[in-house]
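Chain residues, written in single-letter form:
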Amino acid sequence: MDKVLIVENHRSTLEQIRAGFRDLHHFELLTASSVKIATDILTSTRIAVLATGIHLPQGDGLDLLGLMTRKYPSIPCIVILEKDDPKPWFIDRTGHTGVLYYLKKPFSFGRLASAIFVGLNLRDEGQTRNGMTMTNFLPLLAIARKTCRMDIKSGTRQKGICYLEKGRLLNARTAELEGEAAAKQIAEWRGIHLSFAPLAEKDRQTRTNIDLLTLAKATWEKGARQADNSQTPLAYESRTAARIGSKLEDALHKHTGILRSAKGYKGLAIVSSTGQVLANDTSYRADIDFSAISEMANQIYTDCSRHLSRKGLGRCRGLSLHTEQGILLVHNTDMYTSGNYRFMALMAEDGNCFFIQTQLKTIIPKILSEVAMPGGTESKRLSAKKPF
């Protein structure tokens, strides 16, 4: 059984995580409240995933991540950011597909479970073999307001140094370059090994004005702004869907890990009876957009169900659409007597269709049971408009 190490010194967060792992039987949970304890565990135990905060006693989380780059470079790492920490958004999306993944408090256990499964899936596909990228690590230096000399190695030949004060880059050096040119070169390095040392007084001279976010080709992620909707039935349905969707999203991320191990699996979405995407699992596939196909697929399903019912065959429980680009599976939840949702799974043409179909029948009831609104007013109103 894979072991997951959580390094967190806030008791309430740890209790939430422990409660989630009690229901998720895929992993063995190990916990540490400091860098020292975490280091001892890493020395004696083989772990599959590390999740750590960066504001820790007895050393900070960056020291621990530096150790990971040197001794355990292929182990997926999840950075747990505090509520007031800014979160980076990577323009090329590498922040969500590399060894290092960012997760900000407050988060549901489903989000953490999803990040763990994604990390393991990338590991199993060999995508973590080359270790962490400098691009992905740079924002952490700003978030932690790190003051240090950072020595960087990449491969067998590339070596560099960055000098930082309170999260600001003062200077950078490689064998041939110094200042901004060296910083830009270092930012492109992959498979990095990092070590930190105190910043000497002689190294406090500023020789570059470029900031770390610019080097990382990232921006600070902003919270979504919600418009002030009027009290129309459509606006009410939209807000209701958002409330239910939040619960569905958490449950979806918690239970879809098994699907990511299936050959050809691309993503899964939960859609309302009107075609609105309520939740989706596409965190590691930036090219999948269920909102672009959900309304069309929903209408096809509705038409099939209507015509089959008229011919005396009863209502449609599910269908599969085969195209040159892949297969779309649609399952209706009437068969589980819980709401009127559609589960849409997208897979490659040569994917393991039988396995995915079998797993959907297992995980869909689990996901719906966690919405915890059987027969509730909001659930009824959202699913009341049945178009067939």
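Residues numbered from 1 in each chain as written. Predicted model: local features only at pLDDT ≥ 70, side-chain atom pairs only at ≥ 80, totals over all residues. Heavy atoms only, no water.

A.B. asks: Describe the packing of aromatic side chains, listing the residues and the values that go with them.
C.D. replies: Each aromatic ring pair is specified by the distance between its two centres and by the angle formed by the two planes. Scanning the model with the defined rule gives 5 aromatic pairs in all. The interplanar angle of 70° and the centroid separation of 5.2 Å between the aromatic rings of phenylalanine 21 and phenylalanine 109 together place this pair among those described as edge-to-face. Of this pair, phenylalanine 21 sits in helix α1 (residues 11–23) while phenylalanine 109 is found in helix α4 (residues 109–124), placing the two residues 88 residues apart along the sequence. By relative accessible area, which is 7% here, phenylalanine 21 ends up buried. (Phe/Tyr/Trp six-rings, centres within 6.5 Å; stacked < 30°, edge-to-face > 60°. Helix = DSSP H or I, 4+ residues; strand = E, 2+ residues; numbered from the N terminus. Buried < 20%, exposed > 50% of the residue type's maximum accessible area, 1.4 Å probe, protein only.)

A.B. asks: Please give an account of the nonpolar core that cites residues and values.
C.D. replies: If you look at the biggest cluster of nonpolar residues, it comprises 52 residues, and the most contacted ones within it are Leu5, Phe137 and Met150. Broken down by element, the residue count for this core peaks at 6 residues, all from helix α5 (residues 134–143). Those residues within four positions of leucine 5 in sequence are excluded, and the remaining contacts are Leu30, Thr31, Ala32, Ala38, Ile41, Leu42, Ile47, Val49, Leu50 and Ala51. (Core = buried A, V, L, I, M, F, W, Y, C linked by side-chain atoms within 4.5 Å. Contact = heavy atoms within 4.5 Å.)

A.B. asks: An account of the packing of helix α2 (residues 35–44) against helix α3 (residues 61–71) is needed here, citing residue identities and associated values.
C.D. replies: Packing of α2 against α3 leaves a shortest axis separation of 10 Å and a crossing angle of 20°. Relative to α3, α2 is oriented roughly parallel. Here α2 and α3 pass one another in a crossing that is right-handed. Across the interface between the two elements, Val35, Ala38, Thr39 and Leu42 of α2 pack against Leu64, Leu67 and Met68 of α3. Residues that form the contact of α2 with α3 fall into these classes: 6 nonpolar, 1 polar and no charged. (Axes fitted to C-alpha atoms, helices over the stretch in contact; angles between N-to-C directions. Parallel < 35°, antiparallel > 145°, perpendicular 65-115°, else oblique. Left-handed = near helix turned anticlockwise from the far one by under 90°. Nonpolar A, V, L, I, M, F, W, Y, C, P; charged D, E, K, R; others polar.)

A.B. asks: Go over the side chain of threonine 52, please, and point to the residues and values.
C.D. replies: Counting through the fold element by element, threonine 52 comes out in strand β3 (residues 49–53). Accessibility expressed as a relative area gives 0% for threonine 52, which makes it buried. Contact partners of threonine 52, with chain neighbours within four places excluded, come to Val7, Gly61, Leu64, Leu65, Ile78, Val79 and Ile80.

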